[in-house]
Amino acid sequence: MEIKTSQEFFETILLTKFKPEKAKDIEVIIQVNLTGDTPSDWVITIKNQNIQFNQGIATEPTLTLKTTEENFLDLVNGQISVEKAFFSGKINFKGDITTALKLKEAGFL
């Protein structure tokens with residue numbers, strides 16, 4: 001099933017993809033800033049093997065991810081890997097890249 005919007009990903013898909021057992025050592029507040037035709041901002045908090053998310057701006061994120069909604073959808077639909085998106089400049093991270101890679105294992109990216 002192809003994800004059509006970032007809102008669909010966050011509100012419908014993310015909870016089914018999240019793997020709490022892989023988030024054992026992750027404690028992070030992620031700010032996702034999506035640009036493009038339908039810009040949006042999301043805050044994702046992973047703590048104690050739980051995930052929470054809402055639209056908005058985090059006051060003190062530990063990791064910030066910036067990209068276009070189009071690139072984000074390519075990422076969550078598996079059309080581009082996190083590593084390839086990062087190294088090709090399609091996605092920008094601010095914060096600990098090691099944590100960002102752990103998010104992939106936990107089902108976030």
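Structure's up top.
Residues numbered from 1 in each chain as written. Predicted model: local features only at pLDDT ≥ 70, side-chain atom pairs only at ≥ 80, totals over all residues. Heavy atoms only, no water.

Undergrad: How should I be thinking about the side chain of Gln-31 in this particular structure?
TA: Of note, Gln-31 is situated in strand β1 (residues 28–35). Judged by relative accessible area, Gln-31 falls into the buried class, the value being 3%. There is a polar contact of 3.2 Å between the side chain of Gln-31 and the backbone oxygen of Trp-42. Here the side chain of Gln-31 touches Gly-56 through a polar contact of 3.2 Å, landing on its backbone oxygen. (Helix = DSSP H or I, 4+ residues; strand = E, 2+ residues; numbered from the N terminus. Buried < 20%, exposed > 50% of the residue type's maximum accessible area, 1.4 Å probe, protein only. Polar contact = N/O pair within 3.5 Å; in protein donor to acceptor, adjacent residues only side chain to side chain.)

Undergrad: Got a minute to help me understand the environment of Gly-56 in this structure?
TA: Along the chain, Gly-56 falls in the loop between β3 (50–55) and β4 (63–68). On the basis of relative accessibility, which here comes to 23%, the residue Gly-56 falls in the partly exposed class. Distance in space between the C-alpha atoms of Gly-56 and Ile-44 is 9.7 Å, their sequence separation being 12 residues. Sequence-distant contacts of Gly-56, defined by excluding residues within four places in its chain, comprise Gln-31, Asp-41, Trp-42 and Val-43. (Contact = heavy atoms within 4.5 Å.)

Undergrad: Teacher, can you tell me more about the packing of aromatic side chains here?
TA: The geometry of an aromatic ring pair is captured by the separation of the ring centres together with the interplanar angle, meaning the angle of the planes. Under the definition given, this model contains eight aromatic pairs. With 6.5 Å between their ring centres and 40° between their planes, Phe-10 and Phe-108 make a pair best called tilted. Note that Phe-10 is positioned in helix α1 (residues 6–17) and Phe-108 in the segment after α4 (97–105), a separation of 98 residues in sequence. Where Phe-86 meets Phe-93, the ring centres are 5.7 Å apart and the plane angle is 45°; that geometry is what we call tilted. Taking relative accessible area as the criterion, Phe-86 reaches 30% and is therefore assigned partly exposed. (Phe/Tyr/Trp six-rings, centres within 6.5 Å; stacked < 30°, edge-to-face > 60°.)

Undergrad: How should I be thinking about the pattern of salt bridges in this particular structure?
TA: Side chains that differ in charge, positive against negative, can pair when their charged atoms come close. Scanning all chains against the criterion turns up one salt bridge. The salt bridge involving Glu-83 is made with Lys-104; its shortest N-O contact spans 3.3 Å. In this pair, Glu-83 is assigned in helix α3 (residues 82–87) and Lys-104 in helix α4, connecting sequence segments 21 residues apart. With relative accessibility at 31%, the residue Glu-83 sits in the partly exposed group. Owing to a relative accessible area of 36%, Lys-104 belongs among the partly exposed residues under this scheme. (Salt bridge = Lys/Arg side-chain N within 4 Å of Asp/Glu carboxyl O.)

Undergrad: Quick question: what am I supposed to make of the pairing of β4 here?
TA: Two faces, one strand: in a regular strand the side chains alternate between the faces of the sheet. Relative to β4, β1 is paired through six bridges, and the arrangement is parallel. Its bridge partner lying in β4, Leu-34 is registered against Thr-67. Direction of pairing for β4 relative to strand β5 (residues 91–95): antiparallel, over a ladder of five bridges. Bridge assignment links Leu-63 to a residue of β5, and that residue is Gly-95. (Pairing = 2+ DSSP bridges.)

All we've got here are geometric facts, nothing functional implied.
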